[in-house]
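Letter by letter, the chains look like this.
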Amino acid sequence: MKNQIKVPLNMIPATGTYEKSTTLREEANAIVSFALALSTPSIDPQIFVELNRKAEMALEFIRGLYRIEREVKELSCEERLAIRQTRSKPVAQLMYKWLMAHRPQISDGSAGAKAMDYTIKRWTALTRFLDDGQLPIDNNLIENAIRPIALGRSNWLFAGSLRAGKRSVAIMSLIQSAKMNGHDPYLYLKDVLERLPTHKNHLIHELLPHRWQPQQ
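Here the structure is a predicted model, which is why all the values come from computation and not from measurement.

**Structural notes on the packing of helix H7 (residues 162-180) against helix H8 (residues 185-195)**
So, step 1. As a packed pair, H7 and H8 sit with axes 9 Å apart at the nearest point and diverge in direction by 120°. With respect to each other, H7 and H8 are oriented oblique. Remark: the crossing between H7 and H8 carries right-handed chirality. Where H7 approaches H8, its residues Leu 174, Ile 175, Ala 178 and Lys 179 are matched on the opposing element by Pro 185, Tyr 188 and Leu 189.
So, step 2. Here the contact of H7 with H8 is built from residues that sort into 6 nonpolar, no polar and 1 charged.

**Some points on the confidence of the model for the protein chain**
So, step 1. Across the protein chain, pLDDT averages 75, with 73% of residues at or above 70.
So, step 2. Ranking the elements of the protein chain by mean pLDDT puts helix H1 (residues 24-37) last, at 41, and helix H3 (residues 77-102) first, at 93.
So, step 3. Low pLDDT (under 50) marks residues 1-49, which in the prediction has 91 contacts with non-local residues, meaning those over four places away or in another chain.

**Examining a nonpolar patch on the surface**
So, step 1. On the surface, a cluster of nonpolar side chains totalling about 270 Å² of accessible area is made up of Leu 193, Leu 196 and Ile 204.
So, step 2. Considering the arrangement of structural elements, one finds Leu 196 in the segment after H8.
So, step 3. Given a relative accessible area of 36%, Leu 196 falls into the partly exposed group.

**A closer look at the pattern of salt bridges**
So, step 1. With the rule as written, the count across this model stands at 9 salt bridges.
So, step 2. Put simply, Glu 194 and Lys 190 hold a salt bridge, and the shortest N to O gap is 2.8 Å. With Glu 194 and Lys 190 both in helix H8, this residue pair falls 4 residues apart, about one helical turn.
So, step 3. Residues joined in a network through salt bridges with shared partners are Glu 60, Arg 63 and Arg 67.

**Overview of helix H4 (residues 111-121)**
So, step 1. Buried within H4 we find Gly 112, Ala 113, Ala 115, Met 116 and Thr 119. Projected down its long axis, H4 shows its buried positions confined to an angular sector of 160°, all on one face. Counted as exposed and oriented over 90 degrees from the buried face of H4: Lys 114 and Lys 121.

**What about the packing of aromatic side chains?**
Two aromatic rings, taken as a pair, are described by how far apart their centres are and by the angle between their planes.
So, step 1. Under the counting rule described, the total for this entry stands at 3 aromatic pairs.
So, step 2. Ring geometry for Tyr 96 and Trp 123: centres 5.2 Å apart, planes at 45°, overall tilted. With a gap of 27 residues between them, Tyr 96 in helix H3 and Trp 123 in helix H5 (residues 123-126) connect regions that are remote in the sequence.
So, step 3. The class of Trp 123 is buried, set by a relative accessible area of 13%.

How each quantity is defined
- Residues numbered from 1 in each chain as written.
- Predicted model: local features only at pLDDT ≥ 70, side-chain atom pairs only at ≥ 80, totals over all residues.
- Heavy atoms only, no water.
- Axes fitted to C-alpha atoms, helices over the stretch in contact; angles between N-to-C directions.
- Helix = DSSP H or I, 4+ residues; strand = E, 2+ residues; numbered from the N terminus.
- Parallel < 35°, antiparallel > 145°, perpendicular 65-115°, else oblique.
- Left-handed = near helix turned anticlockwise from the far one by under 90°.
- Contact = heavy atoms within 4.5 Å.
- Nonpolar A, V, L, I, M, F, W, Y, C, P; charged D, E, K, R; others polar.
- pLDDT = per-residue confidence, 0-100.
- Patch = residues over 30% accessible without salt bridge, like charges linked within 9 Å, V, L, I, M, F, W, Y side chains within 5 Å.
- Areas by Shrake-Rupley, 256 points an atom, 1.4 Å probe, with all protein chains shown as cover.
- Salt bridge = Lys/Arg side-chain N within 4 Å of Asp/Glu carboxyl O.
- Buried < 20%, exposed > 50% of the residue type's maximum accessible area, 1.4 Å probe, protein only.
- Arc of directions from axis to C-beta.
- Phe/Tyr/Trp six-rings, centres within 6.5 Å; stacked < 30°, edge-to-face > 60°.

This is the structure we're talking about:
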């Protein structure tokens, strides 16, 4: 399968790792919120117009990146990476230069400054997808996958120990990764657990969700 999805374990939120999975889509929301925050009557209309232009320009950069992503969605990881390098990376570089040039024009503490600072501070994480064809542009899949966990976390608020918590993270990651790759989690785990005792250690990667094939 050329569109297999590989999900690192640390993309599942636990012990602070969720912050590391910050994505471009989240920043789009931050800038949209910034634009909405500007609509307060207490702001001078001319200032509103100027700042709104900045927000719209930032969103246009993001729209451009997502337009490219829609085009490369069904391509192989190698083809996707090549296009990201030649088309998406220049857009991202322009956006970064634009942010650095316009940030000094925004008052510290304002909604616009917070949105820009948020982006600049996390720029490496936000643009990591440009150098890896396996990574998605955002973490929508992860957020959707962890929604049941977030809704039910009060039911398992205490894992019992740090080791138990880490094991829970690993199991949840395997289950959600199996779903994302089109597998039935129950059948996947059942097959893996049955094969583990006799599976060779140097071939253990074959049992990961994005590589697993059911036994014939």
